[in-house]
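Fold and contact review
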Amino acid sequence: MTATDTPPQHPRIAWQTGRVRTIVAETSRVKSIILQPASWSGHWPGQHVDIRLTADDGYQAERSYSIASPPEEKLLTLTVERIEDGEVSPYLLDELRLGDALEFRGPIGGHFIWSQTRGGPICLVAGGTGITPLMAMLRHRKRSLAHIPASLIYSARSLADVIYRDELDTMARGDCDLRLVYALTREHPSNWNGHPGRVTETLLVENSFTPAQNPTFFVCGPTGFVESISSMLVKLGFDPFTIKTERFGPSGG
Amino acid sequence: MDRPPVSRGFKSKRQASETARLPPGQYLTTDFPVLSAGPTPEIRVANWKIALQLGGSLLGTWTWDEFEALPQTTITVDIHCVTKWTKLNTVWQGVSFDDLLKGVGLSEPPGAYIMAHCDGGYTTNLPVADLVAEKAMIATRYEGLPLAPAHGGPARLLVPHLYFWKSAKWLRRLRFMAKDEPGFWESRGYHNYGDPRREQRYDGD
Ligand SMILES: Cc1cc2nc3c(=O)[nH]c(=O)nc-3n(C[C@H](O)[C@H](O)[C@H](O)COP(=O)(O)OP(=O)(O)OC[C@H]3O[C@@H](n4cnc5c(N)ncnc54)[C@H](O)[C@@H]3O)c2cc1C
């Protein structure tokens, strides 16, 4: 083998420890963990980090968590939902304390990403914690001066399960280029003008631009949710190449 | 980093017997998670065709019926996704890569690398050495049933000893190449080879 046959060497995305700076209870099942990385080269909205926990007997567990903060911020926000019988998420919610060192590496992911230079319109469709990478996009979009048309369709069980609700409502109130629709699957509050029930084709048609406007879709959430939304979008005539998906959970269950 | 810091209060919830067979960093799932970069294409087998290519020239194509008539192989294997789940003892049926080569009258693969091309524009690259000698197949059945669209149906590549993104879903074309080229995830920060035993998740691992 000659020197030219050697594949290019890339530095490994190194593990580092971040300090837990803030913990925010977002809903009864979800907390945001705000980390101070030792060093950070920046990220694209939509990327994730891998977290690694190490037990005292050396056992390790790794899981991925999307970055919810925009690249403009120096601290990294991860937003974690409790999976009842889970190994890592209950630890992050119940055991992790301010000042703890948490091992992670990133940023990771080069497809489910958006930045203002890519322009719009963009249509974000979130199911549950699938909002996290989309929130990084919205937070980044808010900091850009380009008025990029965007819509967010956010499916949650109830209003109390909507993560970042105050921030989203404030964001939408002050921005006529942003449309925000909640779809609540288990609660239909009276005098509330969101959508009761699951996301439907009609709801998508009414809130997602037209195929002629050529929006880019970012669909994120549990597998079943992402499957159903993305096939509805294809059926509605949107180009499959403009539909980017990220699936968080197991299938079915 | 030398020794990773201990996460105070963290204990494994897994049985040692459960984790013994797992590659490093993987956890066991009994579910079958779905991961892909875009929507699931709905492919009717009546319109389906698969091609074997050398560079730009065609070595052979098969319609669904022709493909189904090729010798069938069944294997039971563990599969490992780069997103860290591992599923044990999965049963697949399909046509081995070796039988596909024989089907076009080749005793030797005509190139050292392969690019798999799929519906939806996905691609992934593999050394041919990782496909021959019963190491890989084009799978059309999972646990005895036709492969569901979400899992790559009607036909997907199955290369169980590499991370599962190499087992491209909705396979349409296998193209021999003289030189290696990165595929979809490989050009987006994922490892070029993807060996789970060596935890080759990302570029540089
Ligand atoms: C790219 C990517 C980004 C992600 N971003 C986030 C994020 O921003 N916030 C977040 O909370 N999670 C996110 N996840 C999911 C996360 O990585 C873990 O899977 C999740 O926290 C569960 O881990 P656990 O160790 O608690 O549960 P495990 O011990 O892994 O699982 C316990 C049980 O729960 C099931 N399960 C696993 N994951 C889920 C899930 N997501 N929903 C429902 N059931 C599940 C398993 O099948 C198993 O039966 C992301 C996943 C990926 C691949």
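Structure shown above.
My aim in this report is to walk through the structure given alongside it, one point at a time.

This part is about the interface of chain B and chain A. Listed as interface residues are 39 residues of chain B and, on the opposing side, 47 residues of chain A. Taken together, the two surfaces of chain B and chain A that pack against each other cover about 3,600 Å², and 52% of this comes from carbon and sulfur. Sorting the residues of chain B by area buried against chain A places Arg8, Phe10 and Pro39 of chain B first, and these three jointly supply 20% of that buried surface. For the interface between chain B and chain A, the tally reads 5 salt bridges. Salt-bridge contacts for aspartate 100 of chain A lead to arginine 8 of chain B; the nearest nitrogen and oxygen are separated by 2.5 Å. The tally of links between chain B and chain A comes to 18 residue pairs in polar contact (both at pLDDT 80 or more).

Before going further, it helps to examine the packing of aromatic side chains. Any aromatic ring pair is given by two values, namely how distant the centres are and how the planes are angled relative to each other. Residue and element names in this part refer to chain B. Summed over the entire model, instances satisfying the criterion amount to 21 aromatic pairs over all chains. Ring plane angle 50 degrees and centroid distance 5.6 Å describe the contact between tyrosine 122 and phenylalanine 184, whose orientation is recorded as tilted. With a gap of 62 residues between them, tyrosine 122 in the loop between strand 6 (113–118) and strand 7 (123–127) and phenylalanine 184 in the segment after strand 11 (171–177) connect regions that are remote in the sequence. Since its relative accessible area comes to 15%, tyrosine 122 is described here as buried. When the ring of tyrosine 190 is compared with that of tyrosine 202, the centres are 5.2 Å apart and the planes differ by 65 degrees; the resulting orientation is edge-to-face.

Before going further, it helps to spend a moment on the pairing of strand 11 of chain B. All names here are of chain B. In terms of residue burial, strand 11 counts as a mostly covered element, since 5 of its 7 residues are buried. In this structure, strand 2 (residues 49–54) lies alongside strand 11, joined through 4 bridges in parallel fashion. Pairing of alanine 51 across the sheet is with arginine 173, part of strand 11. Both strand 6 and strand 11 contribute to a ladder of 6 bridges, which runs antiparallel. Across the sheet, residue tyrosine 113 finds its bridge partner in strand 11, namely methionine 177.

Moving on, we get to the site of the ligand. In the vicinity of the ligand, 23 residues are found, and the nearest of them are Ser64, Tyr65, Val88 and Ser89 of chain A together with Arg14 of chain B. At the site occupied by the ligand, the surrounding residues belong to chains A and B. Residue tyrosine 65 of chain A places a side-chain N or O atom 2.7 Å away from an oxygen atom belonging to the ligand. At a separation of 2.9 Å, an oxygen atom of the ligand approaches a polar backbone atom of glutamate 87 of chain A. Relative to its unbound accessible surface of 900 Å², the ligand loses 83% to contact with the protein. Of all the secondary structure elements, the ones that give two or more residues to the shell around the ligand are strand 4 (60–66), strand 5 (76–81) and helix 1 (89–94) of chain A. Here the shell around the ligand takes 4 residues from strand 4 of chain A, the largest share from any one element.

Sheets are built from strands that pair by backbone hydrogen bonding, the pairs being arranged parallel or antiparallel. All names here are of chain A. With parallel pairing, the 6 strands of this open sheet are ordered in space as 10-9-8-7-11-12. Here the strands that pair on one side only, and so sit at the sheet edges, are strand 10 (195–196) and strand 12 (243–247). By the bridge criterion, 7 bridges tie strand 8 (residues 150–156) to strand 9 (residues 178–184) in an arrangement that is parallel. By the bridge assignment for strand 9, isoleucine 153 is matched with valine 181. Relative to the sheet, helix 3 (residues 165–173) contacts strand 8 and strand 9, its axis offset from that of strand 9 by approximately 140 degrees.

A few words on the sheet that holds strand 3 (residues 57–63) of chain B. Residue and element names in this part refer to chain B. The 5 strands lie next to each other as 3-2-11-6-7, forming an open sheet whose pairing is mixed. Edge positions in the sheet fall to strand 3 and strand 7, since each of these pairs with one other strand and no more. Across this sheet, the average inter-strand angle for adjacent strands is 15 degrees, counted without regard to direction.

Residues and elements named next belong to chain A. With respect to the helices, strands and loops of the structure, glutamate 103 is situated in strand 6 (residues 101–108). The sequence separation of glutamate 103 and threonine 129 amounts to 26 residues, and the corresponding C-alpha distance is 22 Å. A polar contact is formed between the side chain of glutamate 103 and the side chain of arginine 52, at a distance of 2.9 Å.

Next up on the list: the pattern of salt bridges. All names here are of chain A. One pass over the structure, following the stated rule, counts 23 salt bridges over all chains. The residue arginine 141 makes a salt bridge to aspartate 175 at a minimum N-O spacing of 2.8 Å. Of this pair, arginine 141 sits in helix 2 (residues 131–143) while aspartate 175 sits in the loop between helix 3 and strand 9, and the two are 34 residues apart along the sequence. Accessibility assignment for this pair places arginine 141 and aspartate 175 in one class, buried.

All names here are of chain B. The topology assignment puts glutamine 26 in the loop between helix 1 (16–19) and strand 1 (27–28). Among the residues examined, glutamine 26 registers a relative accessible area of 7% and is labelled buried. When near neighbours in sequence (up to four residues on either side) are disregarded, glutamine 26 contacts His80, Cys81, Lys84, Trp85, Thr86, Tyr163 and Arg201.

Cut-off values and rules
- Residues numbered from 1 in each chain as written.
- Chains lettered and ligands numbered in written order.
- Predicted model: local features only at pLDDT ≥ 70, side-chain atom pairs only at ≥ 80, totals over all residues.
- Heavy atoms only, no water.
- Contact = heavy atoms within 4.5 Å.
- Buried area = accessible area lost by both parts, 1.4 Å probe.
- Salt bridge = Lys/Arg side-chain N within 4 Å of Asp/Glu carboxyl O.
- Polar contact = N/O pair within 3.5 Å; in protein donor to acceptor, adjacent residues only side chain to side chain.
- Phe/Tyr/Trp six-rings, centres within 6.5 Å; stacked < 30°, edge-to-face > 60°.
- Helix = DSSP H or I, 4+ residues; strand = E, 2+ residues; numbered from the N terminus.
- Buried < 20%, exposed > 50% of the residue type's maximum accessible area, 1.4 Å probe, protein only.
- Pairing = 2+ DSSP bridges.
- Near = heavy atom within 4 Å.
- Areas by Shrake-Rupley, 256 points an atom, 1.4 Å probe, with all protein chains shown as cover.
- Axes fitted to C-alpha atoms, helices over the stretch in contact; angles between N-to-C directions.

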